[in-house]
Amino acid sequence: MSRSSKSGMKRDFHLPGLVALIFGFSLLMSPAQAYGPLFTIVMEGEAPYFFPVHAKVPTGTPIQWKNPTATYHTATYDGCVAEGPCLFDSGSVEPNGTYSAPSLPPGRYPYHCQVHPIMRGLLTVTESTASPSTNL
Ligand SMILES: [Cu+2]
């Protein structure tokens, strides 16, 4: 399993900042909440297939898809197979593999899995700097 996008980490934190950082990372490990530098979307073998199925993140947040299943999946922006620009396409993400999205401007990005068209998700990148949310 490869990890990336740790560029937000710095070593010159004062102690409260360091504690906040560690707390942020522990929240990141929980699938229900994701604060901090990296927003993770989990590929799943059953509905809703992408979790959270509607991810809403502020612009600039690194976004990663993680595949803990035993089969290959993709996270392919719908524009890649329809008319329009192909803003992101993971290609095949192997079991236990990850894919990091390129930085995206604010907007709505419906995407799907090319291997399993039933797998559909929506990524919304907002202009605000509010905390990431899984709410609609
Ligand atoms: Cu799939």
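Residues numbered from 1 in each chain as written. Predicted model: local features only at pLDDT ≥ 70, side-chain atom pairs only at ≥ 80, totals over all residues.

### Some details on the overall build of the protein
Broken down by element type, the protein carries one helix and eight strands. For the protein, the sequential pattern of α-helices and β-strands runs α-β-β-β-β-β-β-β-β. For the protein, the proportion of its 136 residues judged to be buried stands at 23%. The contacts in the protein between residues at least 6 apart in sequence include a share of 57% that link residues at least 24 apart. (Helix = DSSP H or I, 4+ residues; strand = E, 2+ residues; numbered from the N terminus. Buried ≥ 20, exposed ≤ 12 C-beta atoms within 10 Å, placed from the backbone. Contact = placed C-beta atoms within 7 Å.)

### Considerations on the confidence of the model for the protein
For the protein, the mean per-residue pLDDT works out to 81, and 67% of the residues sit at or above 70. A low-confidence stretch, residues 1-9 (pLDDT under 50), is modelled with ten contacts involving residues beyond four sequence positions or located in other chains. In this model, residues 25-35 is a region of pLDDT below 50 whose contacts with residues beyond four sequence positions or in other chains number 16 contacts. (pLDDT = per-residue confidence, 0-100.)

### Regarding the sheet that holds strand β6 (residues 98-100)
The four strands lie next to each other as β2-β1-β4-β6, forming an open sheet whose pairing is mixed. Bordering the open sheet on either side are β2 (50-51) and β6, each of which pairs with just one other strand. In terms of strand pairing, strand β1 (residues 39-43) meets strand β4 (residues 63-66) through four bridges, oriented parallel. Opposite F39, over in β4, you have I63 as the bridge partner. (Pairing = 2+ DSSP bridges.)

### Overview of the sheet that holds strand β3 (residues 54-58)
Spatial strand order, β3-β8-β7-β5: four strands in an open sheet with mixed pairing. Looking at which strands have only one partner, the edges of the open sheet turn out to be β3 and β5 (76-77). Pairing of β5 with strand β7 (residues 107-112), which is carried by two bridges, proceeds in the antiparallel orientation. Bridge pairing links Y77 to Y111 in β7.

### Some points on the nonpolar core
With 21 residues, the main nonpolar core has I63, W65 and L123 as its most contacted residues. Those elements that place two or more of their residues in this core are β1, β3, β4, β7 and β8 (120-126). Ranked by residue count, the leading element in this core is β1, at three residues. Every residue in contact with L123, bar those within four places of it in the chain, is listed here: A55, I63, Y109 and Y111. (Core = buried A, V, L, I, M, F, W, Y, C linked by C-beta atoms within 7 Å.)

### Focus on unusual backbone geometry
For the bond from A47 to P48, the omega torsion is 5°, close enough to zero to count as cis. Along the polypeptide, P48 turns up in the loop between β1 and β2. Even without being a glycine, Y49 presents a positive backbone phi close to 75°. Along the chain, the position of Y49 falls in the loop between β1 and β2. Looking at Y49, the number of C-beta atoms within 10 Å reads 19, which means it is partly exposed. The phi angle at N96 is positive, at roughly 70°, despite the residue not being glycine. A residue is classified by how many C-beta atoms lie within 10 Å of it, and N96, with 12 of them, is exposed.

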